[in-house]
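Working through the structure, step by step
Read off the chains here:
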Amino acid sequence: MILAEIAQHIGAKQNVPQVDIKWLLTDSRSLSFPSESLFFAIKSKRNDGHRYIGELYRQQLRYFVVSDILAEFSDMTEAVFLLVDDTLQGLQQLAKAHRTAFEVPVIGITGSSGKTVVKEWLYQALHTYYRITRSPRSYNSQIGVPLSVWGMNEQTQLAIFEAGISQCGEMEKLQLIIEPTIGIFTNLGDAHQENFNSLRQKCAEKIKLFKNAEVIIYNSDNKVVEISIVQSGFKGKLFSWGKNESAVMQITNIAKHAKNAEAHVKYQHAEFDIEIPFSDEASIENALQCVAVLLYLKFEHGIISDKISQLEAVGMRLEMKEGIRNCLIINDSYNSDLNSLSIALDFLNQQSTTTQTNRTLILSDILQSGQSGTDLYATVSDLIRTKDIQRFVGIGAEISRHAEQFSFINNAFFADTDSFLKSPLLHELQNEVILLKGSRNFQFETISEKLELIAHETILEVNLNALVGNLNYFRSKLRPETKVMCMVKAFAYGSGAVEVARTLQHHRCDYLAVAVADEGAELRREGIRIPIAVMNPEQGSFGLIFDNNLEPEIYSFRLLKSFISAAEKQGITDYPIHLKIDSGMHRLGFEEADMENLVTILRNQQQVKIHSVFSHLAGADEQKFDGFTKQQVTVFQQCADKIKASFSHHIMRHILNSAGTERFPEYQFDMVRLGIGHYGISVLPEVNLQQVCTLKTIILQIKTINAGETVGYSRKGIVDKEKRIAILPIGYADGFDRKLSNGVGEVLINGKRAKVIGNVSMDLITVDITDIEAAEGDKVEIFGENLTISEVAGWLKTISYEILTSVSRRVKRVYFQE
């Protein structure tokens, strides 16, 4: 769209040049094509896009939508600023105008969960019949939806967009942008419930997406959804499905098996069977939503059965694993198009923070793009150039025909995946961050398997999106100016310090904190640039602290004098330190009586400079200690005030941990410190934070044991009747506590709980699966979404911290971003 036309749509009155804008940008870190991009400087509660305009201008971006004209803009003589009252509203107005240019079927999907899966399964089923534009990943927010709709172009024959909301008043805006012709309501649950009075209120808000749709497709077994649709006054068609005889598409029977399910469907006096290649309730419901859509689109029953039987699991995430020869593997075969490629390349750059690490992209043919091969791969070439990729591998006949587009980079091309796997290049990859980006039929999982470091079959999955979501939950409790210090000590509570720190840095955390200097030095070696505090500095580590620009916690006169002396010997002045006050916890820290002497010492030296004064709450998580918590805050304030009054520079104050941030936000001062809260543990019973870590393993072997026999060491697992047992490759050396032996602990297999039978061994446990349908190789959840860390901690009469930090280093960490 021409910039002048954009200005008209968003209500900007400036005279602008006649340039064609192809890319809309809201995240300054995602710039790819400066000459064809328009940046919307969106303001949020804690951030302001106007801050990053100078940085983008230096990267040759020239077109900006702003709500403020800053003084620094006068130096940007080549910039074009489109001034509007509200930049987010401007973005939405532009997307709305763009949508009106297309008269094609548009499927709008909402619901509490399943939106992305239904969207992707519809794409799998329909992409051979239509050229489809769809939301990248889970782009369903007030910002994500406009960016998704902007992707519609003259080749689009069908669009599929998802819409998510977290409070009333949001869906009307998304409805105007998407204007779906076909509506799908996936299901109704508790997700994002905190800003709604009831499920009924949330349901009514979501249904507003379908205001002008020709049809709504929904599961009529959920009466809240059905009643809400009727009460909404919807004037279009209702395509209900469910077990009820009154449903338009009746499901008369569902037979579940270990790996799949069969549904018997009755529709318009005809009956047919559908094989669904999944057996869990959520997948069955999502697949039946797709069946309903295909019936509405008048596909033949045989074609529908065939398409549904071929549905593949949706890998809604960028998955990161340790690779051979010091490589890091990022596997993203979720979809293959320009938008998802740009997102994946940003994630690659986020992970390759050191200059010593090369960036490699392995890319297959991009299918169903709607562009000519020449135009498509010219764009891919430009994208790679802007993302600083050092090596490029193209796999597929089409991309190979355009090899000349990639002559500027170290490159190689192969006709198919098998040819690449047989080539010497596979064995030459080393010290690289490798992004695998392939369409499904290229089977890039085989490349991932070859490059992945062979390791223990027990893994700890770390959901980086959940980590950021939890961070933002705590940020919502704070004033915009309050800083956040994130704890990444103890291997980031067992999750992996480097990867977690990279993610937190990318999402503009203000400070990191580690326990000892070695942990901080490792982060610096891996390219972490933001300030890092060392909570337990040892005298022998002062050199490491200075060399890596780490900031020590100073908690005693002996440590203070030693550190000043070490700084003086190196000629260092004004080195940042953080003073710890013992306000009542009685671990480390200066006491109130020490303040006068402490101030005297600090005023009579030049080697160190106080950056912050802080303390630690002893019982912020328990209501019975609230009186003591307030007493601690009083002591801390008195100490901090004495220190601040003695110096002219600003000194930050902080006392709140995760629990304190939730329960006592009035004491946030200048900064808060987040630890266990990052990982999904809240002290408020009504708050459901996202689980960041999931410990998984598999079933190695299944046996039938006769009555009277025993299982495991010391013959503790006594079998009183014939049982089926499963042996799992996890033991106390992996962090599965030996006290979980003999029925104390449980694991989750195919949605059902299995108790530990016998003693926990170093490397193995055995569980009772007598009443569970399971097979060797099936996945097992040790803790995660369904079997929580808090529950496991309860069995052991301990705290969640211990469960997380006990997961041993030999357990492979797999990081993913949805």
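Residues numbered from 1 in each chain as written. Predicted model: local features only at pLDDT ≥ 70, side-chain atom pairs only at ≥ 80, totals over all residues. Heavy atoms only, no water.

Of the regular secondary structure elements, the chain holds 26 helices and 38 strands. Relative to the globule expectation of 28 Å for 818 residues, the C-alpha radius of gyration of the chain, 29 Å, shows essentially globular dimensions. A burial count over the chain gives 57% of its 818 residues as buried. Taking as baseline every contact in the chain between residues at least 6 positions apart, the subset at least 24 positions apart corresponds to 65%. Counting every atom, the chain has about 34600 Å² of accessible surface; 46% of that belongs to carbon and sulfur. Distance between charge centroids for the chain: 3 Å, based on 85 positive and 99 negative side chains. (Helix = DSSP H or I, 4+ residues; strand = E, 2+ residues; numbered from the N terminus. Rg over C-alpha atoms; globule rule 2.2 N^0.38 Å. Buried < 20%, exposed > 50% of the residue type's maximum accessible area, 1.4 Å probe, protein only. Contact = heavy atoms within 4.5 Å. Areas by Shrake-Rupley, 256 points an atom, 1.4 Å probe, with all protein chains shown as cover. Lys, Arg positive; Asp, Glu negative; His and termini not counted. Charge placed at Lys NZ, Arg CZ, Asp CG, Glu CD.)

With 12 residues, helix H16 (residues 464-475) extends 17 Å from end C-alpha to end C-alpha; this agrees with the ideal 16 Å at 1.5 Å per step. Counting buried residues in H16 gives nine out of 12 residues, a clear majority hidden from the surface. Two or three places before asparagine 465, at the opening of H16, asparagine 463 has a side-chain oxygen 3.0 Å from that residue's backbone nitrogen. (Expected span 1.5 Å × (residues − 1). Polar contact = N/O pair within 3.5 Å; in protein donor to acceptor, adjacent residues only side chain to side chain.)

Counting 147 residues, the largest nonpolar core has Leu512 and Ile643 as its most contacted members. Once residues within four sequence positions are removed from consideration, isoleucine 643 is found in contact with Leu579, Ile581, Met595, Leu598, Val599, Ile610, Val613 and Ile651. Counting residues in hydrophobic clusters, the runner-up holds 43 residues, among them Ile132, Val265, Val293 and Ile308. (Core = buried A, V, L, I, M, F, W, Y, C linked by side-chain atoms within 4.5 Å.)

The next thing to look at is the packing of helix H21 (residues 557-569) against helix H22 (residues 595-603). Look at H21 against H22: their axes get within 12 Å of each other, and the N-to-C directions meet at 0°. One finds that H21 runs roughly parallel with respect to H22. Between H21 and H22, the contacting residues are Phe557, Leu560, Lys561 and Ile564 on the first element and Asn597, Leu598, Ile601 and Leu602 on the second. Among the residues making up the contact of H21 with H22, the classes are represented as six nonpolar, one polar and one charged. (Axes fitted to C-alpha atoms, helices over the stretch in contact; angles between N-to-C directions. Parallel < 35°, antiparallel > 145°, perpendicular 65-115°, else oblique. Nonpolar A, V, L, I, M, F, W, Y, C, P; charged D, E, K, R; others polar.)

Attention now goes to the side chain of serine 67. Summarising the element assignment, serine 67 is placed in the loop between strand S3 (63-66) and strand S4 (80-83). Contacts of serine 67, omitting those with residues within four sequence positions, involve Lys43, His50, Leu83, Val84, Asp85 and Thr87.

A few words on a negative patch on the surface. A cluster of acidic side chains, namely Glu262, Glu271, Asp273 and Glu275, defines a negative patch on the protein surface. A total of three residues in the negative patch trace back to one element, the largest contributor, which is strand S13 (residues 270-276). Mapped onto the fold, glutamate 271 is located in strand S13. Overall, the relative accessible area of 48% leaves glutamate 271 in the partly exposed class. (Patch = residues over 30% accessible without salt bridge, like charges linked within 9 Å, V, L, I, M, F, W, Y side chains within 5 Å. Salt bridge = Lys/Arg side-chain N within 4 Å of Asp/Glu carboxyl O.)

For the rest of this paragraph, the subject is the packing of aromatic side chains. Inspection of the entire model under this criterion finds 23 aromatic pairs. Both rings, one in phenylalanine 542 and one in phenylalanine 563, keep their centres 5.0 Å apart while their planes meet at 90°; by these two values the pair is edge-to-face. Placement of the pair is phenylalanine 542 in helix H20 (residues 542-547) and phenylalanine 563 in helix H21, with a sequence separation of 21 residues. One aromatic cluster is present, formed by Phe39, Phe64, Phe73 and Phe81 through successive ring pairs. A cation over a ring is seen here: arginine 134 above tyrosine 123, with NZ or CZ 3.6 Å from the ring centre. The ring of phenylalanine 408 has arginine 385 lying over it, and the distance from NZ or CZ to the ring centre is 3.9 Å. (Phe/Tyr/Trp six-rings, centres within 6.5 Å; stacked < 30°, edge-to-face > 60°. Lys NZ or Arg CZ within 6 Å of the ring centre and 35° of its normal.)

This part is about unusual backbone geometry. Despite not being glycine, arginine 715 shows a phi value in the positive range, around 55°. Here arginine 715 is to be found in the loop between strand S31 (710-711) and strand S32 (717-718). Backbone geometry places asparagine 750, a non-glycine residue, at a positive phi of 50°.

In a beta sheet, neighbouring strands pair by backbone hydrogen bonds and run either parallel or antiparallel. Ordered in space as S6-S7-S5-S8-S9-S10-S11-S12-S13, the nine strands form an open sheet in which the pairing is mixed. Edge positions in the sheet fall to strand S6 (132-134) and S13, since each has one partner strand and no second. Taken over all neighbouring pairs, the strand axes of this sheet differ in orientation by 20° on average, direction set aside. Direction of pairing for strand S8 (residues 182-185) relative to strand S9 (residues 215-219): parallel, over a ladder of four bridges. Each residue of the ladder has a partner; that of phenylalanine 185, found in S9, is tyrosine 218. (Pairing = 2+ DSSP bridges.)

Judged by pairing direction, the sheet is parallel, and its eight strands sit side by side in the order S27-S26-S25-S24-S23-S22-S21-S28 without closing on themselves. Sheet topology places strand S27 (652-654) and strand S28 (671-674) at the edges, where each strand pairs with a single neighbour. For this sheet the average axis-to-axis angle between neighbouring strands, irrespective of direction, equals 30°. Looking at chain direction, strand S22 (residues 511-514) and strand S23 (residues 532-534) are connected through three bridges and run parallel. Note on S23: the bridge partner recorded for alanine 513 is alanine 533. Of the strands in this sheet, strand S25 (575-581) and strand S26 (608-615) are in contact with H22, which crosses S25 at around 175°.

Attention now moves to the pattern of salt bridges. Scanning all chains against the criterion turns up 35 salt bridges. For lysine 321, the salt bridge identified is with glutamate 319, shortest N-O distance 3.3 Å. Residue class for glutamate 319 comes out buried when judged on its relative accessible area of 15%. With a closest N to O distance of 2.7 Å, aspartate 763 and arginine 810 form a salt bridge. With aspartate 763 in the loop between strand S35 (752-755) and strand S36 (765-768) and arginine 810 in the loop between helix H26 (800-805) and strand S38 (812-817), this pair connects stretches of sequence that are 47 residues apart. On the accessibility criterion, aspartate 763 (34% relative accessible area) is partly exposed. A single network of salt bridges, built from pairs that share partners, joins Lys119, Glu120, Arg134 and Glu162.

This paragraph deals with the pairing of strand S29 (residues 693-698). Sheet faces and side chains relate simply in a regular strand, where the side chains alternate between the two faces. With respect to burial, S29 is a largely interior element, five of its six residues being buried. Two strands pair when backbone bridges link them, and strand S20 (residues 459-463) and S29 are joined in this way by four bridges, in the antiparallel orientation. Bridge assignment links leucine 460 to a residue of S29, and that residue is leucine 695. Pairing analysis gives four bridges linking S29 to strand S37 (residues 779-783), with the strands arranged antiparallel. Residue pairing across strands places lysine 696 opposite glutamate 781, the latter belonging to S37.

With that settled, the discussion passes to the environment of methionine 1. Checked against the element boundaries, methionine 1 lands in the segment before helix H1 (3-10). Here methionine 1 is in contact with Ile6, His9, Val19, Asp20, Ile21, Leu94, His98 and Trp150, once residues within four sequence places are set aside.

Following the sequence through the fold, glutamine 691 ends up in the loop between S28 and S29. Sequence separation of glutamine 691 and aspartate 626 is 65 residues, and the distance between their C-alpha atoms is 27 Å. Setting aside residues up to four positions removed in sequence, glutamine 691 forms contacts with Asn463, Ala466, Tyr679, Gly680, Gly784, Glu785 and Ile789. A polar side-chain atom of glutamine 691 sits 3.4 Å from the main-chain carbonyl oxygen of glycine 680.

By secondary structure assignment, the location of threonine 156 is in the loop between helix H5 (144-149) and strand S7 (158-162). C-alpha of threonine 156 to C-alpha of threonine 503: the two residues are 347 residues apart in sequence and 35 Å apart in space. In this structure the side chain of threonine 156 is engaged in a polar contact, spanning 2.7 Å, whose partner is the side chain of threonine 133.

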